[in-house]
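# Summary of the model geometry
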Amino acid sequence: MAIIHKAPEVPLIRPPSEWRSLLVRVTRGCKWNRCRFCGIYPHLGEPEFSIRTVEEVKHDIDLLCSLRQRFETAFFGDADPLQAGVDAFVEIAEYLRKVIPVKRLTCYSRASTLRKIGPDDLKILAAAGLDRVHIGLESGDAEILRYHRKGQSPTMVREVAAWLKEAGIEISFYVLLGLGGRDQWQRHILETAKVINDTEPEFVRIRRLWLYGCDTPFSGPESPLLKEIRAGAFIPQTPEGSVLELKLLLENLDNISTCIVCDHHNNYVHVSGCINEDKEDMLAEIDSFLALPASKREAHYQVVGSRI
Ligand code: SF4
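Analysis parameters
Residues numbered from 1 in each chain as written. Predicted model: local features only at pLDDT ≥ 70, side-chain atom pairs only at ≥ 80, totals over all residues. Heavy atoms only, no water. Helix = DSSP H or I, 4+ residues; strand = E, 2+ residues; numbered from the N terminus. Rg over C-alpha atoms; globule rule 2.2 N^0.38 Å. Buried < 20%, exposed > 50% of the residue type's maximum accessible area, 1.4 Å probe, protein only. Phe/Tyr/Trp six-rings, centres within 6.5 Å; stacked < 30°, edge-to-face > 60°. Lys NZ or Arg CZ within 6 Å of the ring centre and 35° of its normal. Expected span 1.5 Å × (residues − 1). Contact = heavy atoms within 4.5 Å. Core = buried A, V, L, I, M, F, W, Y, C linked by side-chain atoms within 4.5 Å. Pairing = 2+ DSSP bridges. Axes fitted to C-alpha atoms, helices over the stretch in contact; angles between N-to-C directions. Disulfide = S-S within 2.5 Å. Polar contact = N/O pair within 3.5 Å; in protein donor to acceptor, adjacent residues only side chain to side chain. 1 Å grid on protein atoms, 1.4 Å probe; cavity = no way out; pocket = protein on both sides within 12 Å on 5 of 7 lines; lining within 4 Å. Points joined across faces, edges and corners; volume = space filled by probe spheres on them. Nonpolar A, V, L, I, M, F, W, Y, C, P; charged D, E, K, R; others polar.

All right, on to the overall build of the chain then. From N to C terminus, the chain includes eleven helices and ten strands. At 20 Å, the chain has a C-alpha radius of gyration in line with the 19 Å of a compact globule built from 308 residues. The dimensions of the chain, computed from C-alpha atoms along their principal axes, are 60 × 45 × 35 Å. Within the chain, the fraction of its 308 residues that count as buried is 53%.

Quick look at the structure:
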């Protein structure tokens, strides 16, 4: 069937580090869509998951390249584009690299999807040019992951990380400060540090738990966790608690080359650096923030908290 669309579709969300990338939408929405703390795709008006055809996506790549011819990197979305299947993903990745020889291709992926793909097909994806995957680790604690219906376990993440390393695909984990709430924050952080120390990803990107409610310009449903908060079943972390979580996390990361990146404006403290070289500097930066007068820290939390 002839392809008639004249404007490319682009992923609804991308990592901040991909702001200059060619953004290719391979799938729409999130197939899992169950994480209690999330709900972002329904909130943004994309409640259903679908896989686009290879022809549609190739046509989009042509359209995007006709709009701008120089791209050094590319990113495939939405939440879990490897759900398109290894063959389709490889065909699209190879087409992309033929049309425009990007230096880096990355995508979001769920750990459970990578586990289904398996170590052999991950090597095929690497050979087709997949350089890095952005994975929501969120927490390294099994109970917290279960409560939030993440659909992955720390064991699964460790297994998948080993396969990715073997295939030569870089790992970019996302960690959510506040996911254990006010009651379980220490366990959340200490278990998360263990997974990071064991897997030594290239990047850990820090995010603060932020829930989509009625205070955004979008009209979709709110994050499911808000209901639990109203019912008193989940007590949200305080702003200062989030900063203490980041400090505890850094204190417990050791002997790894992993780079820590706070590259989202919802972070209260924006430290960045690699654990082996910059850990003490990052901790000193957090300590100097915590040494500010309480009124200044509170004013900072108010400004950051209202900017999403
Ligand atoms: S966190 Fe990721 S996997 Fe979970 S519902 Fe949101 S987009 Fe889907």
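Structure's up, so let's keep going.
So, on to the packing of aromatic side chains. In the structure shown here, the tally under the stated rule is seven aromatic pairs. On the basis of an interplanar angle of 5 degrees and a centroid distance of 6.2 Å, the ring pair of Tyr-147 and Phe-234 is categorised as stacked. Pair noted here: Tyr-147 is in helix H5 (residues 142-147) and Phe-234 is in the loop between helix H8 (225-230) and helix H9 (239-251), with a separation of 87 residues, a long-range link. A residue is classified by how much of its surface remains accessible, and Tyr-147, at 28% relative accessible area, is partly exposed. In this structure Phe-234 comes out as buried when scored by relative accessible area, which is 5%. Their ring planes at 70 degrees and their centres at 4.8 Å tell us that Tyr-268 and Tyr-301 sit as a pair that is edge-to-face. Taken together, the residues span a long stretch of sequence, with Tyr-268 in the loop between strand S9 (259-261) and strand S10 (272-274) and Tyr-301 in helix H11 (residues 294-305) at a distance of 33 residues. Assigned by exposure class, Tyr-268 and Tyr-301 land together as buried. Put simply, the rings of Phe-75, Tyr-108 and Tyr-174 pair up and form one aromatic cluster. Arg-34 extends its terminal NZ or CZ atom over the ring of Trp-32, reaching a point 4.9 Å from the ring centre. One cation-aromatic arrangement involves Arg-205 over Phe-203; the distance from NZ or CZ to the ring centre is 4.9 Å.

The end-to-end C-alpha distance of helix H6 (residues 154-167) is 20 Å, a good match for the 20 Å that 14 residues give at a rise of 1.5 Å each. Those residues of H6 that sit buried are Pro-154, Met-156, Val-157, Val-160, Ala-161, Trp-163, Leu-164 and Ala-167. Tucked into the core, H6 has its buried residues touching helix H4 (111-127), strand S6 (132-138), H5, strand S7 (170-177) and helix H7 (185-199). A positive phi of about 85 degrees marks Gly-168, the residue just after H6.

Judged by nonpolar contacts, the single largest core of 74 residues is most densely connected at Phe-76, Leu-96, Leu-125, Leu-164, Ile-206, Leu-246 and Leu-250. Here this core takes eight residues from helix H3 (residues 86-99), the largest share from any one element. Contacts of Leu-164, omitting those with residues within four sequence positions, involve Leu-114, Leu-122, Val-133, Ile-135, Ile-169 and Ile-171. Listed in part, the ten residues of the second largest apolar core include Leu-176, Leu-225, Leu-226 and Phe-234.

This part is about the sheet that holds strand S5 (residues 104-108). In space, the eight strands of this open sheet follow the order S1-S4-S5-S6-S7-S8-S9-S10, with mixed pairing throughout. Strands at the two margins of the open sheet, each flanked by one partner only, are strand S1 (22-25) and S10. Neighbour-to-neighbour, the strand axes of the sheet open up by a mean angle of 20 degrees, direction not taken into account. Pairing between S1 and strand S4 (residues 73-77): four bridges, direction parallel. Counterpart to Val-24 in the pairing with S4 is Phe-76.

This brings us to the state of the cysteines. Counted according to the given criterion, the structure contains one disulfide. Between the sulfur of Cys-259 and that of Cys-274 lies a disulfide, 2.2 Å long from S to S. Between Cys-259 and Cys-274 the disulfide shows an S-S torsion of about 55 degrees. By sign, it is right-handed. Here the residue Cys-259 occupies a position in strand S9, and Cys-274 occupies one in strand S10, the gap between them amounting to 15 residues.

So, about the environment of Arg-68. Turning to its location among the elements, Arg-68 is positioned in the loop between helix H2 (54-67) and S4. Along the sequence, Arg-68 and Leu-22 sit 46 residues apart, while their C-alpha atoms lie 9.1 Å from each other. From its side chain, Arg-68 meets the backbone oxygen of Arg-20 in a polar contact 3.3 Å long. A distance of 3.0 Å separates the side chain of Arg-68 from the backbone oxygen of Arg-70, its partner in a polar contact.

When its volume is computed, the largest pocket comes out at roughly 1200 Å³. For the largest pocket, the lining is made up of 41 residues, of which Ile-13, Cys-38, Ile-40, Tyr-108 and Tyr-212 are closest to its centre. Breaking the lining of the largest pocket down by element, the ones donating at least two residues are helix H1 (40-43), S6, S7 and strand S8 (203-208). In terms of residues, the lining of the largest pocket owes the most to one element, S6, which gives four residues. Considering only residue class, the lining of the largest pocket consists of 24 nonpolar, nine polar and eight charged.

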